[in-house]
Amino acid sequence: MASASTSNSGSNEQTPEAIALKAAVFQRLHPRVYLERFVAEGIRPDGRQISAWRDVSVNVGSISTADGSALVRIGDTTVVCGVKAELAEPELDAPTRGFLVPNLDLPAICSPKFKPGPPTEEAQVFSDRLHEALTSTGTISLEDLCIQPGKAAWVLFVDATCINYDGNVFDATLLAMIAALKNVTLPKATFDEDTGRTVCTRKESAPLNLKCLPISFTFGIFDGKHIFPDPTFFEEPLLDTAVSVVLKEDGTISSVSQVGADAVEQDALSRCIVEAKARHQLLLSKTIYP
Amino acid sequence: MAAPAFDRRRVNGPEESFPPVFEEDREVKKISKRTDRENGDFRPVFLQPGLITQANGSAYIETSKTKISCAIYGPHQSKNAAYSENGRLNVEVKYAPYSCHRRKAPIRDAEDRTIGVAIHQALLSSVRLELLPKSTIDIFIIIIESDGLEASIAAGSIAASTALADAGIELFGLVTSCSAFNEAQALMDDNDLWIDPTLEEAQAAKGTLILSTMPALETVTSVWQNGRMQPADVLKCMELCQQRCVQMHAIVARSLVDNNQVEPSE
């Protein structure tokens, strides 16, 4: 019915709504061609230049039930992260170390791609990579979390929840986790030898000592030659290759990962690293952590 | 506390961990009288429809310490379900692990379902499900920060109804919800009825009541009363909640209108 009415009205008299509908149908049916047409004009479907990033905003400390919290938005992608501190006995083989437990949840609310239930494969991979990024850079020294060797230590549960999934969730989550950890204040805890219990006091508390603030920069490579920084949900499935560069705050590389290797130009990886460093400088100059 | 089951799909912590014990908490907590609002007032509400881009409809609600996000997906075809003349509402509620004073391990527990059922009841009679045979509407709710069960149910119902309207699903009316409680001994000398309890107030209360209504049609969609309450008090609570629901209705309607006026200019 819709197509009959548009053909009757003639191509010159189309309303903006009808054109928008046609574009949406085209995008749905031929996503790749849709994206190619934009790229030919040097622009991305969300109106960005090819090499542009989306705006980043970080908000901390809004969740009173968490010991530290942050809300990060990259474009429309929204990730909330809360840190809960609990007490536990250290492992026998590491009596002076606490625990850092980062997890990302991709609930059904954030995208029609996900269904309620146990963590999806994507969430499992993200959680593992985040764990790797936080531990390999030595963001927190686990020894700092020890209260009494062999008896008591802090466990930091760093739980991130994606509220709105519009691509590049890894960058947003790492940023949210770091911002939330920066926001944590732990109460002063003392281990009582006689009772074998740990007691805390609200009168004294101290922030965590973060040794490194890693930031991740993700790129997608489209059609073997176009490098898209900060890909959106629509672009992600169309990309041949995804490259994530994690940088420490002094600009040194902590890790580079490349998933999918077909048809990548020789210098694509180094171009990604150069662009990541440039973006890193810009973010640091804007003091992204409030 | 039983140790949470080891789940290899997540990054796991130690087998057992406990929330910290504070020196200060050994003394019995005293609940202070309200200073920020009158006994009969609800907390200030921030309601924003349409924040989740990929959902058919969505809403975010914040009433001081209660923060809830809700998304609607559907209506879509019911899968693995017998033929039904009417559509189905599927309400899934999830607590974020950091939303409560004690960490919630990421497993569905009874509390999630309680809230889900209560919100389902509140909304069920407002949606024109007879227009959607063989279909399901998914309502996903995430509690980012919780300040008591009562407040979560009330705010969750409002957010879900707003999101349904935002999704363009036909409704008989918008559902608003309000809670009340009586006689928290520590709190009051008079037998007053109070509106919109916080977590501490709800724990100290003898009885609580949550009323969900469609103010536009002056009908009640669900009443949920818990604990001890005189029949006369129940009726009085309902009347108080009804008045607050009417005020809330204006807030919800305003937010939907504002949200739709902004869009064309973008």
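- In the nomenclature of an unreviewed UniProt entry, chain B is known as Ribosomal protein S5 domain 2-like protein of Cylindrobasidium torrendii FP15055 ss-10.
- In the Sequence similarities (unreviewed entry) part of its UniProt record, chain B is described as follows: "Belongs to the RNase PH family."

- If you look chain A up in an unreviewed UniProt entry, it shows as Ribosomal RNA-processing protein 43 from Cylindrobasidium torrendii FP15055 ss-10.
- The record in UniProt for chain A states the following under Sequence similarities (unreviewed entry): "Belongs to the RNase PH family."

**Some points on the pattern of salt bridges**
Here is step 1 of the chain: Tallying each qualifying case throughout the model produces 21 salt bridges over all chains.
Here is step 2 of the chain: For Asp46(A), the salt bridge goes to Arg48(A), with nearest N and O atoms at 3.0 Å.
Here is step 3 of the chain: For Arg48(A), a relative accessible area of 9% translates into the label buried.
Here is step 4 of the chain: Here Asp196(B) ties to Arg43(B) by a salt bridge, and the two come within 2.7 Å at their closest N and O atoms. Taken together, the positions of Asp196(B) in the loop between strand S8 (193-195) and helix H3 (199-204) and Arg43(B) in the loop between strand S1 (21-22) and strand S2 (45-49) put the pair 153 residues apart, joining distant regions of the chain.
Here is step 5 of the chain: Given the relative accessible area of 2%, Arg43(B) is considered buried.
Here is step 6 of the chain: Within this structure, Asp46(A), Arg48(A), Arg54(A), Asp166(A) and Asp230(A) form a network of salt bridges that share partners.

**What about the sheet that holds strand S10 (residues 226-229) of chain A?**
Residues and elements named next belong to chain A.
Here is step 1 of the chain: Strand order across the open sheet formed by four strands is S10-S9-S11-S12, with antiparallel pairing between neighbours. At either margin of the open sheet sits one strand with a lone partner, and together these are S10 and strand S12 (253-259). Within this sheet the neighbouring strands show an average axis-to-axis angle of 20 degrees, counted without direction.
Here is step 2 of the chain: Alignment of strand S9 (residues 215-222) against strand S11 (residues 241-247), held across seven bridges, turns out to be antiparallel. Paired with Phe219 across the two strands is Val243, which belongs to S11.
Here is step 3 of the chain: Sheet strands in contact with helix H5 (residues 169-183) are S9 and S11, and its direction is about 175 degrees off that of S9.

**Thoughts on the nonpolar core**
Here is step 1 of the chain: Of all hydrophobic cores here, the largest spans 83 residues; its most connected members are Leu106(A), Trp154(A), Leu156(A), Leu181(A), Leu208(A) and Phe219(A).
Here is step 2 of the chain: Apart from residues lying up to four places away in sequence, Leu156(A) is in contact with Val83(A), Lys84(A), Ala85(A), Phe99(A), Leu100(A), Val101(A), Ile140(A), Leu145(A), Leu181(A), Leu186(A) and Leu208(A).
Here is step 3 of the chain: Grouped together as the second largest cluster of nonpolar side chains are 51 residues, Ile158(B), Ala160(B), Cys178(B) and Val252(B) included.

**Side note on the sheet that holds strand S5 (residues 88-95) of chain B**
Residue and element names in this part refer to chain B.
Here is step 1 of the chain: Spatially, S2-S3-S4-S6-S5 is the arrangement adopted by the five strands of the open sheet, whose pairing is mixed. The open sheet terminates on both sides in strands that have one partner only, identified here as S2 and S5. Taken over all neighbouring pairs, the strand axes of this sheet differ in orientation by 15 degrees on average, direction set aside.
Here is step 2 of the chain: Pairing of S2 with strand S3 (residues 57-63) involves five bridges; the strand directions are antiparallel. Bridging across to S3, Leu47 finds its partner in Ile61.
Here is step 3 of the chain: Strands S5 and strand S6 (135-145) of the sheet are contacted by helix H1 (residues 110-124), whose axis makes an angle of about 145 degrees with S5.

**What about the state of the cysteines?**
Here is step 1 of the chain: What the rule picks out here adds up to zero disulfides over all chains.
Here is step 2 of the chain: Residue Cys146(A) stays outside any disulfide, its sulfur separated by 14 Å from that of Cys200(A), the closest cysteine.
Here is step 3 of the chain: In this model Cys100(B) remains outside any disulfide bridge; the closest cysteine sulfur is found in Cys81(A), 16 Å from its own.
Here is step 4 of the chain: What makes Cys100(B) buried here is its relative accessible area of 15%.

**Overview of the packing of aromatic side chains**
Here is step 1 of the chain: One pass over the structure, following the stated rule, counts twelve aromatic pairs over all chains.
Here is step 2 of the chain: Between the aromatic rings of Phe222(A) and Phe228(A), the centroid separation amounts to 5.7 Å while the plane-to-plane angle is 20 degrees, which identifies the pairing as stacked. We note that Phe222(A), like Phe228(A), is buried.
Here is step 3 of the chain: An aromatic cluster of three or more residues is present, and its members are Phe26(A), Tyr34(A), Phe38(A) and Phe234(A).
Here is step 4 of the chain: We note Arg129(A) situated over the ring of Phe170(A); from NZ or CZ to the ring centre the distance is 4.1 Å.
Here is step 5 of the chain: The ring of Tyr95(B) has Lys104(B) sitting right over it, with the charged end atom 4.4 Å from the ring centre.

**Considering a negative patch on the surface**
Here is step 1 of the chain: Negative charge collects at one region of the surface, where Glu89(A), Glu91(A), Asp93(A), Glu15(B) and Glu16(B) lie side by side.
Here is step 2 of the chain: Looking at the secondary structure, you find Glu16(B) in the segment before S1.

**Details of the side chain of Ser244(A)**
Residues and elements named next belong to chain A.
Here is step 1 of the chain: Looking at where Ser244 falls in the secondary structure, it is placed in strand S11.
Here is step 2 of the chain: Only 3.0 Å separates the side chain of Ser244 from the side chain of Arg129, close enough to count as a polar contact.
Here is step 3 of the chain: Residues within four places of Ser244 in sequence aside, it is in contact with Arg129, Phe170, Ser216, Phe217, Thr218, Ser255, Val256 and Ser257.

**Considering the confidence of the model for chain A**
When pLDDT drops low, the exact placement of atoms in the prediction is not to be read closely.
Here is step 1 of the chain: When pLDDT is averaged along chain A, the result is 90, and 94% of the positions lie at 70 or above.
Here is step 2 of the chain: Note on residues 1-10 of chain A: pLDDT is under 50 here. Beyond four places in sequence and across chains, it has one contact.

**Observations concerning the interface of chain B and chain A**
Here is step 1 of the chain: Contact residues are listed per partner, giving 42 residues for chain B and 49 residues for chain A.
Here is step 2 of the chain: In this assembly, chain B packs against chain A so that about 4,000 Å² is buried in total across both faces, 58% of it on carbon and sulfur atoms.
Here is step 3 of the chain: By the criterion of area lost to chain A, the three top residues of chain B are Val11(B), Tyr98(B) and Arg103(B), representing 20% of everything that side buries.
Here is step 4 of the chain: One can count two salt bridges joining chain B with chain A.
Here is step 5 of the chain: The salt bridge involving Asp105(A) is made with Lys94(B); its shortest N-O contact spans 2.9 Å.
Here is step 6 of the chain: On inspection of chain B and its partner chain A, the count reaches 19 residue pairs in polar contact (both at pLDDT 80 or more).
Here is step 7 of the chain: Secondary-structure elements contributing two or more residues to the side of chain B that touches chain A are S1, strand S4 (66-77), S5 and S6 of chain B.
Here is step 8 of the chain: Here the element with the most residues in the side of chain B that touches chain A is S4(B); it accounts for five residues.
Here is step 9 of the chain: Here the residues of the side of chain B that touches chain A are counted per class, giving 19 nonpolar, nine polar and 14 charged.

The rules behind these values
- Every chain's residues receive numbers from 1 upward, in the order its sequence appears when written.
- Just so you know, chain letters begin at A and ligand numbers begin at 1, following the order they were written in.
- Local features in this predicted model are restricted to residues whose pLDDT is 70 or higher, and side-chain atom pairs enter the listing and the counts only when it is 80 or higher, whereas totals over whole chains, interfaces and linings include all residues.
- To get the side-chain values, all heavy atoms of the structure are used, and hydrogens and water are removed first.
- UniProt positions are given in the numbering used here, feature names are shortened, and annotations may be inferred rather than shown by experiment.
- Just to be clear on terms, a salt bridge is a Lys or Arg side-chain nitrogen sitting within 4 Å of an Asp or Glu carboxyl oxygen.
- Only protein chains enter the accessibility calculation, which uses a 1.4 Å probe; a residue is then buried when its area is under 20% of its type maximum, exposed when over 50%, and partly exposed in between.
- A helix here means a DSSP run of H or I that spans at least four residues, while a strand means a run of E at least two residues long, and both kinds are numbered starting from the N terminus.
- In this analysis, strands are considered paired if DSSP registers two or more bridges between them.
- Helix axes use the C-alpha atoms of the stretch in contact, all axes being lines fitted to C-alpha atoms, and the angles between their N-to-C directions lie in the range 0 to 180 degrees.
- Residues count as neighbours in contact if any of their non-hydrogen atoms are within 4.5 Å of one another.
- The criterion is simple. A nonpolar core is a set of buried Ala, Val, Leu, Ile, Met, Phe, Trp, Tyr and Cys residues joined through side-chain atoms within 4.5 Å.
- Working definition: a disulfide is two cysteine sulfur atoms within 2.5 Å of each other.
- Centres within 6.5 Å are what make two rings of Phe, Tyr or Trp a pair, Trp counting through its six-membered ring; a difference in plane orientation under 30 degrees is then read as stacked, over 60 as edge-to-face, and the rest as tilted.
- Charge-over-ring contacts are defined here by two conditions on Lys NZ or Arg CZ: a distance within 6 Å of the ring centre and an angle within 35 degrees of the ring normal.
- Patch rule: a residue counts if its relative accessible area is over 30% and it has no salt bridge; like charges are joined within 9 Å, and nonpolar side chains (Val, Leu, Ile, Met, Phe, Trp, Tyr) within 5 Å.
- Here, Shrake-Rupley sampling with a 1.4 Å probe gives the accessible areas, and only protein chains in the shown set may cover a residue.
- Counted as positive: Lys and Arg. Counted as negative: Asp and Glu. His and the chain ends are not counted at all.
- Working definition for charges: the position is that of NZ of Lys, CZ of Arg, CG of Asp or CD of Glu.
- Polar contacts here mean pairs of N or O atoms no more than 3.5 Å apart (in protein, one a potential hydrogen donor and the other a potential acceptor; neighbouring residues in sequence count only if both atoms are side-chain atoms).
- Every residue gets a pLDDT, meaning the predictor's confidence in that residue, from 0 to 100.
- Defined here as a combined quantity, buried area equals the accessible surface (1.4 Å probe) lost by two parts on assembly, summed across both.
- Residue type decides the class: Asp, Glu, Lys and Arg count as charged, Ala, Val, Leu, Ile, Met, Phe, Trp, Tyr, Cys and Pro as nonpolar, and the leftover types, Gly among them, as polar.

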